[in-house]
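# Structural description and commentary
One letter stands for each residue in the lines below.
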Amino acid sequence: MSEDAVPPVPTSRARKSGISDLAKAEERLAYMLLLPTLIVIFVIAFYPLGSVFYNSMTDRRFASAQEPQFIGLQNYANLLGITVRQVPAEIDEETGEIVRDPDTGEIDYESPVTVLPREPRRYRELRTFNLGDTRYVVGAADPDFIRAIWDTVAFTVVTVALETILGLGIALVVNSEFKGRGMMRVVMLVPWAIPTAVSSRMWEWMFKDTRAGFFNILFQDLGLGTGQIPFLVDQSWQLPAMIAIDVWKTTPFMALLLLAGLQLIPGDLYEAADVDGAGRLRQFWSVTLPLLRPTISVALVFRTLDAIRVFDVFQIVLQKKRYSMATYAYYELIDGQLMGYSSAASVVIFFIILLFAVVYIRMLGVSND
Amino acid sequence: MTKDTQILITRILFWLVIIVIAVYLLFPFYWAINSSLKSEAQLQMTPGTYLPRSPSDGSLDVYLRNYSAVFQNQRFITGLKNSVIVAVSTTVLSLVIGSFAAFALGKLRFRGKEPSLYLILSMTMFPQVAVLAGLYAVIRRLGLDPIPSMILSYMLFTLPFTTWVMTSFFEGLPTELMQSAQVDGATPFQTFYMILLPLTLPALVTTGLLAFINAWNEYLFALTFTTIAPQARTVPVAIALFTGQVSFQEPFGEIMAAAIVVTVPLLVLVLIFQQKIVAGLTAGAVKG
């Protein structure tokens, strides 16, 4: 208000000529045009991210009248708390000797629960493993979340690797001249265009635990399984099932990116290689792959950052049977009403994604030299 | 082996590979169509059939009632309507706001341009789940209804994307165009909407299409923000939570029919705009 009255201080730059007035007007226009975008980004990204960081250090609950308490890093300690303890063998009280199974001669161990700490937070068994004759137990304060991190990372590594290999194969095939290439491109867009919610349910049905489900029919025809494999309940099948769904859905996207990269490689390079007598395989290793590397890198970054935050497939097909990091944060928020705890899980996801992004960018930066 | 037979074998192998790829990509879709044309009894047949067959004599027996059930399912119809509203509004808003920003970033000179570009680029990879709780709180604070909430929050992924792609299109337009317009006395904003915007129409269509598809398919925010408001659910949520009109069991015949109904419009879009979509999808990636 009162600032309006103050005459603008003429800077030496503005005085120089009319051009800088124009430049100033241009700059002002630029800021005005950027403003709406910046406001939206602030409201839906930065402010919420800030509040997630803040809430992650409180015990805030949803729809609760209670004033949230600041609890420092306790949520994180609970989410990430992990410990390894030795499990003692069972000792016979009379003889003082180690108890062995009478049939197999294997050592009987105490229950792992007895060695896991209970204060200040209770640890539960994540898994046990043996080193020689000594048994150890890995305990976690929140085994579900630790398992979710592990599962999500495993899911990410396997899906991205499979997608890259399959995608590259498809791209190479579709890149050659043949009748119906246009059709093939449309076919490639089909899995990509289908909403993940829809494709998840399609696959859920294909994974049905009777021979009404496609995979049980297929496996039995191949002489595998009883035709009753509970793919989505059996612990060892759950992740492979998730991976199969995601690979089907996103390989075409990968293939399209790589195809675009392939088409940028000038044809005369191959002609030259032909003249030099290089075989197809040699051409692939010495021409195609090196020239495609930037595209592959970008595609890898996109897909990896996408796979780590996987939500739809896990939430729709597995619900609470098995978590990805994102579904875990979701269920803690919506079902558990634990806003603070869920926020802490979100922050962990954020940093894991950031970590992957930084590692990738480092790698890309090196490869660009 | 003569050269001709060698060529023939390579050809056959090549086509085999093509067929394997096509079958792999299309089969789940085919299985869904197949299942959507089966009655509950046909669905429970073991082993399941590759075509809808009658349980008694194995003759071809197509059952269409899943589709009529889907179109009578009020939740599904409401879901379709909500999805259209949300996806269209998100797309239009992102295109308008995004092309303003893109014009500034692509054609104007100002201080702070580089950081702004980096900001937009990093936002295109922003993980939605990281802000879930915070965004929910913002929406409650603003007192927004579920539908506007979805429109606003979807801009988290559509706006940076449209801005980024449009920026590169604006950059590609010749600067002389702007200069000559300025000589003719047009203000920069007039240059923007009278000369540059019409030229970027193809780019707007491409980015708009991709933004639309992304918004149409979004699930996490839609699920979260409609937890207590079932009447605002979009199609992906409706399908994920689909319950039949009658049976207590999960009605997979109807779910598959609903899946097909939702997918077909997208496939039509893909058929019509396939080249644009491919161009848009790969625009950011190939330049590196």
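Residues numbered from 1 in each chain as written. Chains lettered and ligands numbered in written order. Predicted model: local features only at pLDDT ≥ 70, side-chain atom pairs only at ≥ 80, totals over all residues.

### Here's the deal with the overall build of chain A
Rules: Secondary structure elements follow DSSP: runs of H or I no shorter than four residues count as helices, runs of E no shorter than two count as strands, and numbering proceeds from the N terminus. Atoms counted for the radius of gyration: C-alpha only. Globule rule: 2.2 Å times residue count to the power 0.38. Any residue with 12 or fewer other C-beta atoms within 10 Å of its own C-beta is exposed, any with 20 or more is buried, and the rest are partly exposed; the C-beta atoms used are placed from the backbone. We call two residues in contact when the distance between their C-beta atoms, placed using the backbone, is within 7 Å.
Scanning chain A from N- to C-terminus turns up 13 helices and 3 strands. By the compact-globule yardstick of 21 Å for 369 residues, chain A is too spread out, its C-alpha radius of gyration being 29 Å. Per-residue burial over chain A gives 38% buried out of 369 residues. At a minimum sequence separation of 6, the contacts of chain A that also span at least 24 residues come to 59%.

### Let's talk about the pairing of strand β2 (residues 124–131) of chain A
Residues and elements named next belong to chain A. Heads up, the rule is: Pairing between strands requires that DSSP locate at least two bridges from one strand to the other.
Bridging between β2 and strand β3 (residues 134–140) involves 7 bridges; their strand directions are antiparallel. Looking across to β3, one finds that Glu-125 is bridged to Gly-139. Between the antiparallel neighbours β2 and β3 lie 2 residues, among them Gly-132 with a positive phi of about 65°.

### Let's talk about the interface of chain A and chain B
Interfaces are often sized by the amount of accessible area the parts lose when they come together. The test is simple: Just so you know the grouping, Ala, Val, Leu, Ile, Met, Phe, Trp, Tyr, Cys and Pro go in nonpolar, Asp, Glu, Lys and Arg go in charged, and all remaining residues, Gly too, go in polar.
Facing 79 residues of chain A, the contacting portion of chain B comprises 78 residues. Among the elements that line the side of chain A that touches chain B, the one with the most residues is helix α2 (residues 18–55) of chain A, at 21 residues. Here the residues of the side of chain A that touches chain B are counted per class, giving 60 nonpolar, 12 polar and 7 charged.

### Details of the sheet that holds β3 of chain A
Residues and elements named next belong to chain A. Put simply, the rule reads: All axes are obtained by fitting lines to C-alpha atoms, using only the stretch in contact for helices, and the reported angles, taken between N-to-C directions, cover 0 to 180 degrees.
A sheet is described by the order of its strands in space; here 3 strands give the open sequence β1-β3-β2, paired in antiparallel fashion. Two strands lie at the open edges of the sheet, namely β1 (82–87) and β2, each paired on one side alone. With strand direction ignored, the average angle separating the axes of adjacent strands in the sheet is 25°. Pairing of β1 with β3 involves 6 bridges; the strand directions are antiparallel. Counted as the bridge partner of Arg-85 is Val-137 from β3. Docked against the sheet, helix α4 (residues 143–175) engages β1, β2 and β3, running at close to 60° with respect to β2.

### Topic: the nonpolar core
Basically, it comes down to this: By our criterion, buried Ala, Val, Leu, Ile, Met, Phe, Trp, Tyr and Cys residues that link up through C-beta atoms within 7 Å make up a nonpolar core.
In terms of nonpolar packing, the biggest core is built from 160 residues, with Leu-258, Ala-329, Ala-345 and Ile-349 of chain A together with Ile-239 and Ala-259 of chain B touching the most fellow members. The residues contacting Leu-258 of chain A, other than those within four sequence positions of it, are Gly-167, Leu-168, Ala-171, Leu-292, Thr-295, Ile-296 and Ala-299 of chain A. Leu-116, Tyr-123, Ala-140 and Ala-141 of chain A belong to the second largest nonpolar core, which has 8 residues in total.

### A closer look at the confidence of the model for chain B
Close reading of the predicted structure is inappropriate where its pLDDT is low. Operational definition: Confidence of the predictor at the level of single residues is captured by pLDDT, which takes values from 0 to 100.
Taken over all residues, the pLDDT of chain B has a mean of 88, while the share at 70 or more is 96%. Interface scoring of the predicted complex returns ipTM 0.90; its pTM is 0.89.

### Some details on the packing of helix α5 (residues 181–193) of chain A against helix α8 (residues 235–263) of chain A
Residue and element names in this part refer to chain A. We apply this condition: Working rule for angles: under 35 degrees goes down as roughly parallel, over 145 as roughly antiparallel, 65 to 115 as roughly perpendicular, anything else as oblique. Note on convention: near helix rotated counterclockwise from far helix by under a right angle means a left-handed crossing. Clockwise means right-handed.
Between α5 and α8, whose axes approach to 7 Å, the crossing angle comes to 130°. Between α5 and α8, the angle is such that the two are oblique. As α5 runs across α8, the sense of the crossing is left-handed. Judged by residue contacts, Met-188, Leu-189, Pro-191 and Trp-192 of α5 engage Trp-248, Lys-249, Pro-252, Phe-253, Ala-255 and Leu-256 from α8. When its residues are assigned to classes, the contact of α5 with α8 shows 9 nonpolar, no polar and 1 charged.

### What to know about unusual backbone geometry
Backbone geometry follows two general trends: most residues other than glycine have a negative phi, and most peptide bonds adopt the trans configuration. Geometrically, the link from Thr-46 of chain B to Pro-47 of chain B is a cis peptide bond, its omega value of -10° lying close to zero. With respect to the secondary-structure elements, Pro-47 of chain B resides in the loop between α2 (40–43) and α3 (65–72). The phi torsion at Gln-319 of chain A lies on the positive side, around 45°, for a residue other than glycine. Positionally, Gln-319 of chain A belongs in the loop between α11 (312–318) and α12 (325–334).

### Observations concerning the environment of Trp-237 of chain A
Residue and element names in this part refer to chain A. When you line up the elements, Trp-237 lands in helix α8. For Trp-237, a count of 17 C-beta atoms within 10 Å corresponds to the partly exposed category. A sequence separation of 59 residues divides Trp-237 from Ile-296, and the C-alpha atoms of the two residues are 30 Å apart. If we ignore the near neighbours within four places in the chain, the residues touching Trp-237 are Ile-229 and Phe-231.

### Looking at the confidence of the model for chain A
With 93% of its residues at a pLDDT of 70 or more, chain A shows a mean pLDDT of 87. In the predicted structure, residues 1–15 of chain A sits below a pLDDT of 50 and forms 5 contacts with residues beyond four places in sequence or in another chain.

### Section: the environment of Ala-212 of chain A
By the element assignment, Ala-212 of chain A lies in the loop between α6 (196–206) and α7 (214–221). Considering only alpha carbons, one finds Ala-212 of chain A and Asp-246 of chain A, 34 residues apart in sequence, at a separation of 22 Å. Contacts of Ala-212 of chain A, omitting those with residues within four sequence positions, involve Leu-43, Gln-44, Met-45, Thr-46 and Gly-48 of chain B.

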